[in-house]
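# Report on the structure
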Amino acid sequence: MTCDDDLGVCKSTNFSSTKATLFYIGDPMCSWCYGMSDILKDIETYSRKNGIEFKIVLGGLRSSGQALWDDRFKSFLKNEWTKISNKTSKEFSFSIFDLENYDYDTTPACKAVYIAKSLSSSSKISLEFFNKIQEKFYALSLDPKEILFYKDICENLDIDFSLFKKLFNDSSMDEKIKNEFIFARSLSSSFPSLVLVYNSKKTAISIGYSSFEDVKNRLDFVIKG
């Protein structure tokens, strides 16, 4: 692989497709991903209307046991969520911090989006599913590890909940989501990230929170020259 650090472009034999594909690397329980959620809707719409394939890749921010639910961790989250809310005006509920114990495991939420992607060919539906998880977790403090958390999301997006439930409880999904996490890290180790693959080149369009205009201008620069 060879990279141009100024342009953020890497050439790799792993990406041979000439079709423009914009990969969104994120996690439904990543707070900055939630902060950027409305912007990402606009980016998905812009991509779709301009012939750019938009694909969500789940990153796996935290797996079970990685975060100790103590005062230090809760204080860190409170500060981050407050900062994000002030910057983006997104709504956050802080009632989760009243819980004595909580496993901040993001794998089930990622697995849920992975399944939704497999049950729908629409990037718009997949992203909406992703966003609904964010809203229920961050604004309502509901738990994405519970299967019934997804029932109304599936129903509202015309996804067969009985099939979703079957796949969610299928142990074979565990290996698939691990492979998704590995692929995500081959694109970016930061969430949210937007990486464009076009003409066998991998370009970092956005690493972290960005405005719609910044993303649009970078996409246009790379694709249209």
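Higher on the page you've got the structure.
Attention in this report is confined to the structure presented alongside it. If you're wondering where the values come from, they're calculated on a predicted model, not measured in any experiment.

### As for the overall build of the chain
Regarding its fold elements, the chain presents nine helices and six strands. In terms of C-alpha radius of gyration, the chain reaches 18 Å, essentially the compact-globule figure of 17 Å for 225 residues. Along the first, second and third principal axes, the C-alpha atoms of the chain reach 55 × 40 × 30 Å. Considering only intrachain contacts with a sequence separation of at least 6, the fraction spanning at least 24 residues in the chain is 73%. Summed over its atoms, the accessible surface of the chain is roughly 11200 Å², and 48% of this surface lies on carbon and sulfur atoms. Looking at charge distribution, the chain has the averaged site of its 30 positive side-chain charges lying 4 Å from that of its 31 negative ones.

### A closer look at the pattern of salt bridges
Per the counting criterion, the structure on display carries 14 salt bridges. The closest approach of N and O atoms between Glu-180 and Lys-117, which form a salt bridge, is 2.7 Å. Of the two residues, Glu-180 is situated in helix α8 (residues 172-187) and Lys-117 in helix α4 (residues 107-119); the sequence distance between them amounts to 63 residues. Overall, Glu-180 belongs to the buried group, its relative accessible area being 10%. Of the charged contacts, one joins Glu-128 and Lys-132 as a salt bridge, the two residues approaching to 3.7 Å between their closest N and O atoms.

### Observations regarding the pairing of strand β6 (residues 201-207)
Relative to β6, strand β5 (residues 193-198) runs antiparallel, the two sharing six bridges. Looking at the pairing, Ser-193 lines up with Ile-207 of β6. Between the antiparallel neighbours β5 and β6 lie two residues, among them Asn-199 with a positive phi of about 50 degrees.

### Details of the packing of aromatic side chains
One pass over the full model with this rule turns up 29 aromatic pairs. Both rings, one in Tyr-34 and one in Tyr-138, keep their centres 4.8 Å apart while their planes meet at 10 degrees; by these two values the pair is stacked. Here the residue Tyr-34 occupies a position in helix α1 (residues 31-35), and Tyr-138 occupies one in helix α5 (residues 123-139), the gap between them amounting to 104 residues. The burial state of Tyr-34 is the same as that of Tyr-138; both residues are buried. Taking 6.0 Å as the distance between ring centres and 15 degrees as the angle between the ring planes, the aromatic pair formed by Trp-69 and Phe-97 counts as stacked. Here Trp-69, found in the loop between β4 (53-58) and α3 (71-88), pairs with Phe-97, found in the loop between α3 and α4; they are 28 residues apart in sequence, far enough to count as distant. Phe-97 shares its class with Trp-69; the two are buried. In this structure, Arg-62 packs its charged tip against the face of Tyr-104, placed 4.9 Å from the ring centre.

### Quick look at the environment of Phe-149
Position of Phe-149 relative to the elements: it lies in the loop between α5 and α6 (151-156). Sequence separation between Phe-149 and Ala-139 is ten residues, and the spatial gap between their C-alpha atoms is 14 Å. Look past the residues within four positions of Phe-149 in its chain and what remains in contact with it is Ile-133, Lys-136, Phe-137, Leu-142, Asp-143 and Pro-144.

### With respect to the pairing of β5
Note on strand geometry: in a regular strand, side chains alternate between the two faces of the sheet. Where burial is concerned, most of β5 is hidden: five out of the six residues are buried. Here five bridges tie strand β3 (residues 21-26) to β5, and the two strands are oriented antiparallel to one another. By the bridge assignment, Phe-23 is partnered in β5 with Val-195.

### As for the side chain of Lys-136
Note on placement: Lys-136 falls in helix α5. When its relative accessible area of 12% is taken as the criterion, Lys-136 is described as buried. Among the polar contacts listed, one links the side chain of Lys-136 to the side chain of Asp-152, at a separation of 2.8 Å. Discounting residues that sit within four places of it in the chain, Lys-136 has contacts with Ser-141, Leu-142, Phe-149, Asp-152 and Ile-153.

### Re helix α7 (residues 161-168)
Among all positions of α7, only Phe-161, Phe-164, Leu-167 and Phe-168 are buried. Considered in projection along α7, the buried side chains sweep an arc of 125 degrees and stay on one side of the axis. Away from the buried face of α7 by more than 90 degrees, exposed residues Ser-162 and Lys-166 are located. Buried residues belonging to α7 abut α4, α5, α6 and α8.

Calculation notes
Residues numbered from 1 in each chain as written. Predicted model: local features only at pLDDT ≥ 70, side-chain atom pairs only at ≥ 80, totals over all residues. Heavy atoms only, no water. Helix = DSSP H or I, 4+ residues; strand = E, 2+ residues; numbered from the N terminus. Rg over C-alpha atoms; globule rule 2.2 N^0.38 Å. Contact = heavy atoms within 4.5 Å. Areas by Shrake-Rupley, 256 points an atom, 1.4 Å probe, with all protein chains shown as cover. Lys, Arg positive; Asp, Glu negative; His and termini not counted. Charge placed at Lys NZ, Arg CZ, Asp CG, Glu CD. Salt bridge = Lys/Arg side-chain N within 4 Å of Asp/Glu carboxyl O. Buried < 20%, exposed > 50% of the residue type's maximum accessible area, 1.4 Å probe, protein only. Pairing = 2+ DSSP bridges. Phe/Tyr/Trp six-rings, centres within 6.5 Å; stacked < 30°, edge-to-face > 60°. Lys NZ or Arg CZ within 6 Å of the ring centre and 35° of its normal. Polar contact = N/O pair within 3.5 Å; in protein donor to acceptor, adjacent residues only side chain to side chain. Arc of directions from axis to C-beta.

Shape is all these values report; function is a separate question.
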